[in-house]
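Remarks on the overall topology
For reference, the chains in residue letters:
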Amino acid sequence: MLLDSNPHPTGNLLIAPPPPGSINAAEVTVWTSPARAPLAGRLLDEMGHTVRPIGVGGPRSGEIDDLGKQLDCPAGNDLRKLLIDQPAAFLLVTSLRDVSIAELRSAAEAGTKIVSLEPLTVELDELARRDAAVPDAAVTVAPSFARSPGYLAAADPQESLATPRMVRLTSLGQPIHGSLVGRLLDAWTTLLEFVALPETIHASLTGPTQPVRQIAGQLAAHARIANGSAVLVEASDNAAQPRRELSVASQDSHLSVTDTHYELRENTGRLLDASDPPPDQAGPPPSFEFLVADQWRKLLDRPAPAASPLGPALACVHACILSARTGQPERPDTLLQLQQT
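Described below are features of the structure shown in this document.

Conventions and cut-offs
- Every chain begins its residue count from 1, and numbering advances along the sequence as written.
- Thresholds applied to this predicted model are a pLDDT of at least 70 for local features of residues and 80 or more for the giving and counting of side-chain atom pairs; totals over whole chains, interfaces and linings are not thresholded and use all residues.
- Based on all heavy atoms of the structure, the side-chain values leave hydrogens and waters out of the count.
- Note on pairing: DSSP must find at least two bridges between two strands before they are called paired.
- Each helix corresponds to a stretch of at least 4 residues labelled H or I by DSSP, and each strand to a stretch of at least 2 residues labelled E; elements are numbered beginning at the N terminus.
- In what follows, a contact means two residues having at least one pair of non-hydrogen atoms within 4.5 Å.
- When accessible area is computed with a 1.4 Å probe and restricted to protein chains, residues below 20% of their type maximum are described as buried, those above 50% as exposed, and intermediate ones as partly exposed.
- Residues are said to line a cavity or pocket when one of their atoms sits within 4 Å of a point; the points come from a 1 Å grid over protein atoms alone, cavities being sets where a 1.4 Å probe fits but cannot get out and pockets being open sets with protein on both sides within 12 Å along at least five of seven lines.
- Grid points are joined across faces, edges and corners, and a volume is the space filled by probe spheres set on the points.
- Lys, Arg, Asp and Glu make up the charged group, whereas Ala, Val, Leu, Ile, Met, Phe, Trp, Tyr, Cys and Pro make up the nonpolar group; the residues left over, Gly among them, are polar.
- Orient the strands so they point away from the viewer, and a crossover whose first-strand-to-second-strand path over the helix runs clockwise is right-handed.
- Salt bridges, as used here, are contacts in which a Lys or Arg side-chain nitrogen is within 4 Å of a carboxyl oxygen on Asp or Glu.

Focus: the sheet that holds strand β4 (residues 90-93)
Pairing within the open sheet is parallel, and its six strands lie in the order β3-β2-β1-β4-β5-β6. If you trace the sheet from one side to the other, it starts and ends with β3 (75-76) and β6 (139-141), each paired once. Taken together, the three bridges between strand β5 (residues 113-116) and β6 define a ladder with parallel strand orientation. Paired with Ile114 across the bridge in β6 is Val139.

Here you go:
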């Protein structure tokens, strides 16, 4: 997840916002926190004329009131009231502070699509509780690495490789751009597209290891797959140089993917396929706001893509956190079985 100080990126992979009047603007209500209110404003700026804000919610604060004035729409601290007074096509959630899953579920049941910077489910026991869930089809967590321009340009990347032998995913960012648990869940959702559920995961974490939503710092993990393959994860919510990158090496080829670019090479070095533009001509990386908006725009006129099963990825996240606490390798399959009993 990348720096928000960059201008709009250039390059034919990234889709520029449509001009005013090209589509009907979708009405959106915002739920945010004082710290992330400026980010919410920048996200709406990035969406431009494709959306029209009609309400702002969050904890009582000057920042929330200021954002409402900036957007010329009512502000309040009651999400239900905001959506009852003026139903919205979309709810942009930049923070889960002072909002309940029940309120978000009510919004979804009323037909509002939710775009959230944070995963709504982070505990394994929530998967089996209907009262703790929001329908998957109503929620998009952004920016997802698997929905980034670079990853989407590599059509069916799993089919381009023989059995992956070493898979590495790096996901670095800053606190305003989402939690470490959200970053880890996105990473494992992507990784499990290439490998089976790991036998064991051994991880270390520099910051707090509980509660789950408040883990923070730098995390490194090594996972062992039953066929002898290995997975490496690097994740941080406090990085000096934010970036996301996937590397998949098989016996014969190597796939590299960033938010904006992908390359597939033979292990001899010969280039088999790549997206344009080449890395040395790609210009500055896209902003965090652009990556969220790029994914959000795809939802304006089409259904959200089917979500991957959450359980396996969430079990890997919890195995990372538990291993960081115990100092020992942990088994995600055991955590899944405990959740199902």
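So, the environment of Pro119
Here Pro119 lies in the loop between β5 and β6. Excluding anything up to four places from it in sequence, Pro119 contacts Leu96, Val141, Gly182, Leu185 and Arg213.

Regarding the pairing of strand β10 (residues 230-236)
When you tally the buried positions in β10, you get five out of seven residues, the bulk of the element. Bridge count between strand β9 (residues 218-224) and β10: seven bridges; the pairing is antiparallel. Residue pairing in the sheet places Arg224 in a bridge with Ala230 of β10. Between β9 and β10, which pair antiparallel one after the other, the connecting turn spans five residues, and Gly228 there sits at a positive phi close to 95°.

Some words on the layout of surface pockets
A volume near 1300 Å³ is recorded for the largest pocket. For the largest pocket, the lining is made up of 50 residues, of which Val139, Val141, Thr189, Ala307 and Ser308 are closest to its centre. Mapped by element, the contributors of at least two residues to the lining of the largest pocket are β6, α5 (149-153), α6 (180-191) and α8 (310-326). Here the lining of the largest pocket takes six residues from α6, the largest share from any one element. Among the residues forming the lining of the largest pocket, the class breakdown is 26 nonpolar, 14 polar and ten charged.

Some points on the pairing of strand β2 (residues 51-57)
Buried residues dominate β2, accounting for six of its seven residues. With six bridges connecting them, strand β1 (residues 26-31) and β2 associate as parallel partners. Bridged to Ala26 within β2 is Val51. Note that the unit made of β1, helix α1 (residues 37-47) and β2 has a crossover that is right-handed. Across two bridges, β2 lies against β3 in parallel orientation. Its bridge partner lying in β3, Gly57 is registered against Gly76.

Some details on the pattern of salt bridges
Enumeration according to the criterion identifies 14 salt bridges in this entry. Between Arg243 and Glu245 there is a salt bridge, with the nearest N and O atoms lying 2.8 Å from each other. Using a relative accessible area of 35% as the deciding quantity, one classes Arg243 as partly exposed.

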